[in-house]
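Here are the chains, one letter per residue:
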Amino acid sequence: MAERFEAAADHLGLDPGVRDVLRTPDRELTVAIPISMDDGSLRVFKGYRVQHNFLRGPCKGGIRFAPDVHLDEVRALAAWMTWKCSVVGIPFGGAKGGVVCNPRELSISELERITRRYTTSIMDILGPDRDVPAPDMNTNEQTMAWIMDTYSMHHRRTSTAVVTGKPLNLGGSRGRPEATGRGVMISCREALKTLGMRPEDTSVVVQGSGNVGGIGALLLHREGYKVLSLSDIYGSIYNEDGLDIPAVLAWIQKHRRLDGYEEAEHLPNEGQLEIECDVLVPAATENQITSENVDRIKARVIVEGANGPTTAAADKVLEDRGVVVVPDILANAGGVTVSYFEWVQDRMGYFWTEEIVNSRLEQTMVNSFEEVHTTAKKYDVSLRSAAYILAIDRVVSVYRMRGIFA
Ligand code: GLU
């Protein structure tokens, strides 16, 4: 991440002072979340919210619940959100939140208490014009509903635009649950067009099977791609003739995991990314394609559904080998784009049809891909470097016009 920022800053000839401004998160909050557990014991969880930059608008970014989430990670993810919002031209800065907990070991009511107390503790820096959270790993519509309610109760009015990714009947947007997967599908299609590849001749391996991977796989399957493999945290499934994705998703819906699904071979997760395929979609978590496994990866195209799935060292190897990588800040920006649409709808109090949401998302993703692709040609760099150049340049131009408040 740091390497990518510096490389793009070099291309743009940014001076050290401006780099320093853009590198430094605007605000970092660490909070203690004391919770009375269902068994009567008391436990203290830790929560973070990092606001990286708000030059282009209110901060925006998800909240993840994970046992290993840490401040450095949240910091990096917050900066990614700044560049992601900028690359697709939506008027937000970047933020990210995290709560150190294992949702698999918590009851619904414990999760609710954690969410409400965390929201209360970071509430001074939240708000529709300040910082607007959204779902991320292990958080969902229900989590967002609790955040909205907690914020609203403190403010004595219902404030739906304080958070996105809400349920439809609480000010959510049509198309939001599918938006990240849809963006992945659109970026994949646009990348293949530049290579003269056709969906019906293209095989895909997806790491993950959740909101990004599962829905991304479904939309790719509907477009005619052959999806060979999906995974979850316990293992992966493989079918050389292509998986029946609707059936796999119905299985997951019912059983919460891939284990036991019959129409596929079951394999361990190690090696899944190395399966012979045309397109690889890492849609799980950070640091999955590394210098350790990159030499065994066979895909010609990588579409990053997750944030930060490829390390900088692995990226260099892929670039030298001519593998086309559609970078995370572009490929998975469909989610935050429809979050923006949700925020706009909440503020208008007027809700759009799914067709309108999807066609505006389509337009944003196609235009953004085109801009990144043109920038890549102009500077003779990878799509990743181009996305950073474009994103950083937009933030810098706003910074120069706004000037420094002192
Ligand atoms: N957590 C998602 C992301 O990483 C969505 C963020 C949002 O919608 O604000 O892009």
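Residues numbered from 1 in each chain as written. Predicted model: local features only at pLDDT ≥ 70, side-chain atom pairs only at ≥ 80, totals over all residues. Heavy atoms only, no water.

A.B. asks: A description of the layout of surface pockets should follow, citing residues and the corresponding values.
C.D. replies: Empty space within the second largest pocket amounts to approximately 520 Å³. Forming the walls of the second largest pocket are 23 residues, and the residues nearest its centre are Glu319, Val381, Ser382, Leu383 and Ser385. Put simply, the parts of the chain that give the lining of the second largest pocket at least two residues each are helix 1 (2-12), helix 9 (312-321), strand 12 (324-326), helix 12 (354-379) and helix 13 (383-402). No other element matches helix 9, which puts 5 residues into the lining of the second largest pocket. Classifying every residue of the lining of the second largest pocket by side-chain character gives 10 nonpolar, 4 polar and 9 charged. (1 Å grid on protein atoms, 1.4 Å probe; cavity = no way out; pocket = protein on both sides within 12 Å on 5 of 7 lines; lining within 4 Å. Points joined across faces, edges and corners; volume = space filled by probe spheres on them. Helix = DSSP H or I, 4+ residues; strand = E, 2+ residues; numbered from the N terminus. Nonpolar A, V, L, I, M, F, W, Y, C, P; charged D, E, K, R; others polar.)

A.B. asks: Any chance you could break down the packing of helix 11 (residues 334-348) against helix 12 for me, citing the residues and the numbers?
C.D. replies: It is at 10 Å that the axes of helix 11 and helix 12 come closest, and there the two elements cross at 130°. With respect to each other, helix 11 and helix 12 are oriented oblique. The handedness of the crossing between helix 11 and helix 12 comes out as right-handed. Residues Gly334, Thr337, Val338, Phe341 and Gln345 of helix 11 form the contact with helix 12, whose participating residues are Val357, Arg360, Leu361, Thr364 and Met365. In terms of residue class, the contact of helix 11 with helix 12 is made up of 5 nonpolar, 4 polar and 1 charged. (Axes fitted to C-alpha atoms, helices over the stretch in contact; angles between N-to-C directions. Parallel < 35°, antiparallel > 145°, perpendicular 65-115°, else oblique. Left-handed = near helix turned anticlockwise from the far one by under 90°. Contact = heavy atoms within 4.5 Å.)

A.B. asks: Requested: an account of the environment of Val338, with residues and values cited.
C.D. replies: With respect to the secondary-structure elements, Val338 resides in helix 11. Look at Val338 and you get buried, because its relative accessible area is 0%. Along the chain, Val338 and Lys60 lie 278 residues apart, while their C-alpha atoms are 12 Å from each other. In this structure, Val338 is in contact with Ser173, Arg174, Gly175, Arg176, Ala179, Val357 and Leu361, ignoring residues within four places of it in sequence. (Buried < 20%, exposed > 50% of the residue type's maximum accessible area, 1.4 Å probe, protein only.)

A.B. asks: Pulling in residues and values, what's your account of the packing of helix 4 (residues 108-122) against helix 5 (residues 141-155)?
C.D. replies: Describing two packed helices takes the angle between their axes plus the distance from one axis to the other. Running from N to C, helix 4 and helix 5 cross one another at 45°; their axes reach a closest spacing of 9 Å. On the basis of the axis angle, helix 4 is oblique to helix 5. The crossing of helix 4 and helix 5 is right-handed. Between helix 4, through Ile108, Leu111, Glu112, Thr115, Arg116, Thr119 and Thr120, and helix 5, the contact on the second element is made entirely by Thr143, Trp146, Ile147, Asp149, Thr150, Tyr151 and His154. Broken down by class, the residue content of the contact of helix 4 with helix 5 amounts to 5 nonpolar, 6 polar and 3 charged.

A.B. asks: Provide a residue-level description of the side chain of Ser159, including the pertinent values.
C.D. replies: Along the chain, Ser159 falls in the loop between helix 5 and helix 6 (176-195). Each residue touching Ser159, except ones within four places of it in the same chain, is listed here: Pro128, Met148, Tyr151 and Ser152.

A.B. asks: Any chance you could break down the pattern of salt bridges for me, citing the residues and the numbers?
C.D. replies: All told, the structure shown has 30 salt bridges when counted by the stated rule. The shortest N-O distance in the salt bridge between Arg64 and Glu73 comes to 2.9 Å. Close ionic contact of Arg384 with Asp328 constitutes a salt bridge, the shortest N to O distance being 3.6 Å. Of the two residues, Arg384 sits in helix 13 while Asp328 sits in helix 10 (residues 328-331), which places them 56 residues apart along the sequence. Shared partners join several salt bridges into a network, and the residues in it are Arg4, Glu304, Asp315, Asp328 and Arg384. (Salt bridge = Lys/Arg side-chain N within 4 Å of Asp/Glu carboxyl O.)

A.B. asks: I'd like to hear about the site of the ligand, residue by residue, with values.
C.D. replies: Inspection of the region around the ligand gives 14 residues, with Lys60, Lys84, Pro135, Asp136 and Ser339 positioned closest. Within the side chain of Lys96, a nitrogen or oxygen atom sits 3.1 Å from an oxygen atom of the ligand. Between Pro135 and the ligand, the recorded distance is 2.9 Å, taken from a backbone N or O atom to a nitrogen atom. Summarising the interface, the protein chains cover 94% of the accessible area of the ligand, which totals 290 Å² for the free molecule. Classifying every residue of the shell around the ligand gives 4 nonpolar, 5 polar and 5 charged. (Near = heavy atom within 4 Å. Polar contact = N/O pair within 3.5 Å; in protein donor to acceptor, adjacent residues only side chain to side chain. Areas by Shrake-Rupley, 256 points an atom, 1.4 Å probe, with all protein chains shown as cover.)

A.B. asks: Give me the nonpolar core: which residues, what numbers.
C.D. replies: Counting 80 residues, the largest nonpolar core has Leu22, Trp83, Val281, Val303 and Ile392 as the members making the most contacts within it. Among the elements that line this core, the one with the most residues is helix 13, at 11 residues. Non-local contacts of Leu22, meaning those with residues more than four positions away in its chain, are made with Phe5, Leu14, His52, Asn53, Trp83, Ile392, Val395 and Val396. Core analysis: the second largest hydrophobic core is formed by 23 residues, Val31, Met37, Leu106 and Tyr118 among them. (Core = buried A, V, L, I, M, F, W, Y, C linked by side-chain atoms within 4.5 Å.)

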